[in-house]
Amino acid sequence: MSTWLDQVFCEDALAGLHRIPDGSIDLILTDPPYNLGKDYGNASDQQPVDDFLAWTEQWVDAALPKLKENGSLYVFTTWRSAPEIFVMLKRRMTMINEIIWDRRVPSMGGTVRSFTSVHDTIGFFVRRKDYYFNLDAVRIPYDAETKKARSRSIFVGAKWLEQGYNPKDLWSVSRLHRQHAERVDHPTQKPLEIIERMVKASCPPGGVVLDLFMGSGTTAVAARNTGRHFTGFELNPDYCRILAERLDQLAVEPQEPDPKVRPKRPASPPAAGQQGSDPKARAKGRVRAADPGSDPGFLVTPPAAPARKRATRKPKSKVVAAPTSVDSPE
Ligand SMILES: C[S@@+](CC[C@H](N)C(=O)[O-])C[C@H]1O[C@@H](n2cnc3c(N)ncnc32)[C@H](O)[C@@H]1O
């Protein structure tokens, strides 16, 4: 049995990357600290700029050998660091896209000395020309009205009309608010909708996605939802517990973005190391906490077949929008 596949290691990514064999990863999809001063329970987002850029270069150089020759890399960043990070990556790879994630932040006042920043910048890079990319897996269906408007004979049987359109490089998807079913307790959790799009486009079914900075585990959940394997790291043990819970819950009730419903959650999260002794979890074989002294990984079962069932529970709490601030990617 593999010691690294479908596991998230609760440790420093740079210290743990040796666990992953070279050339074994189809897609590096990662959302590192942005250096905007966010509090992840560690100092990773609060470094002097030069240190931050040097550290970024360090993890890139440690991670790239893990990628297959036809693999891809997606990296989240902000307009502040994107120029330096993209130039550094372009010395190593070919840049395919700069994707703008419009977080759909409502107008609520804020800065008066600049234009409010409401987007994340995502770089999409590859190693070789024959990189894996499946546009058909992520096309967006045309609505009935648009199809009707294209009903003239010249459009009849048009493949593109039936298959849907290219999502383009501007992705307008709401950041997660408290009422979103998938929302958990992480300050910069990404919506499954955008992560799943990247996974489906750039990792073949059954392939492996690596995220060095898992946070709440969105990449792992997206991989499992879409029938891919995952591996990765997260430094903060609280987030490791959250992501283990998300994966555990997925085995029972697959997640999907749906703002109207909230999935069932345990009354209180299990403490580190307790999941392995939970007889129910052990019986189902879904989550096993490793010995924290020797192996910090949370071992989870191989991916379940992709299933897209909806949760049915209504949200308990009142809808409260998270406050908006400048440069605050989620
Ligand atoms: C931007 S967040 C990732 C959010 C994630 N995409 C999600 O949807 O929840 C970055 C994460 O990297 C973690 N981190 C920072 N430095 C790290 C390191 N050296 N190794 C592993 N994780 C690290 C932080 O604790 C934080 O949770």
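Residues numbered from 1 in each chain as written. Predicted model: local features only at pLDDT ≥ 70, side-chain atom pairs only at ≥ 80, totals over all residues.

- Going by the annotation in an unreviewed UniProt entry, the name recorded for the chain is Methyltransferase, with Pseudoduganella lutea given as the source organism.
- In the Sequence similarities (unreviewed entry) part of its UniProt record, the chain is described as follows: "Belongs to the N(4)/N(6)-methyltransferase family." (UniProt positions renumbered as here; feature names shortened; annotations may be inferred.)

Structural notes on the site of the ligand
Here is step 1 of the chain: If you check the shell around the ligand, you find 22 residues, and the closest are Ser-44, Phe-213, Gly-215, Ser-216 and Thr-218.
Here is step 2 of the chain: Residues of the shell around the ligand, tallied by class, amount to nine nonpolar, nine polar and four charged. (Near = placed C-beta within 6 Å. Nonpolar A, V, L, I, M, F, W, Y, C, P; charged D, E, K, R; others polar.)

Some points on helix α7 (residues 218–225)
Here is step 1 of the chain: Counted residue by residue, α7 has eight buried out of eight residues, so it is predominantly covered.
Here is step 2 of the chain: Within the span of α7, buried status applies to Thr-218, Thr-219, Ala-220, Val-221, Ala-222, Ala-223, Arg-224 and Asn-225.
Here is step 3 of the chain: Positioned one or two residues after α7, Gly-227 has a phi angle of 80 degrees, which is positive. (Buried ≥ 20, exposed ≤ 12 C-beta atoms within 10 Å, placed from the backbone. Helix = DSSP H or I, 4+ residues; strand = E, 2+ residues; numbered from the N terminus.)

Looking at the environment of Thr-56
Here is step 1 of the chain: By secondary structure assignment, the location of Thr-56 is in helix α2 (residues 49–63).
Here is step 2 of the chain: Residues Thr-56 and Pro-32, spaced 24 residues apart in sequence, show a C-alpha to C-alpha distance of 8.6 Å.
Here is step 3 of the chain: Discounting residues that sit within four places of it in the chain, Thr-56 has contacts with Pro-32 and Ile-85. (Contact = placed C-beta atoms within 7 Å.)

Details of unusual backbone geometry
Trans is the common state for peptide bonds, and a negative phi is the common state for residues other than glycine.
Here is step 1 of the chain: The backbone phi angle of Asn-35 is positive, close to 65 degrees, even though this residue is not glycine.
Here is step 2 of the chain: Counting through the fold element by element, Asn-35 comes out in the loop between β2 (25–30) and α2.
Here is step 3 of the chain: Unlike most non-glycine residues, Lys-168 shows phi in positive territory, near 65 degrees.
Here is step 4 of the chain: Locating Lys-168 in the fold gives a position in the loop between α5 (159–163) and β6 (170–172).
Here is step 5 of the chain: For Lys-168, a count of 11 C-beta atoms within 10 Å translates into the label exposed.

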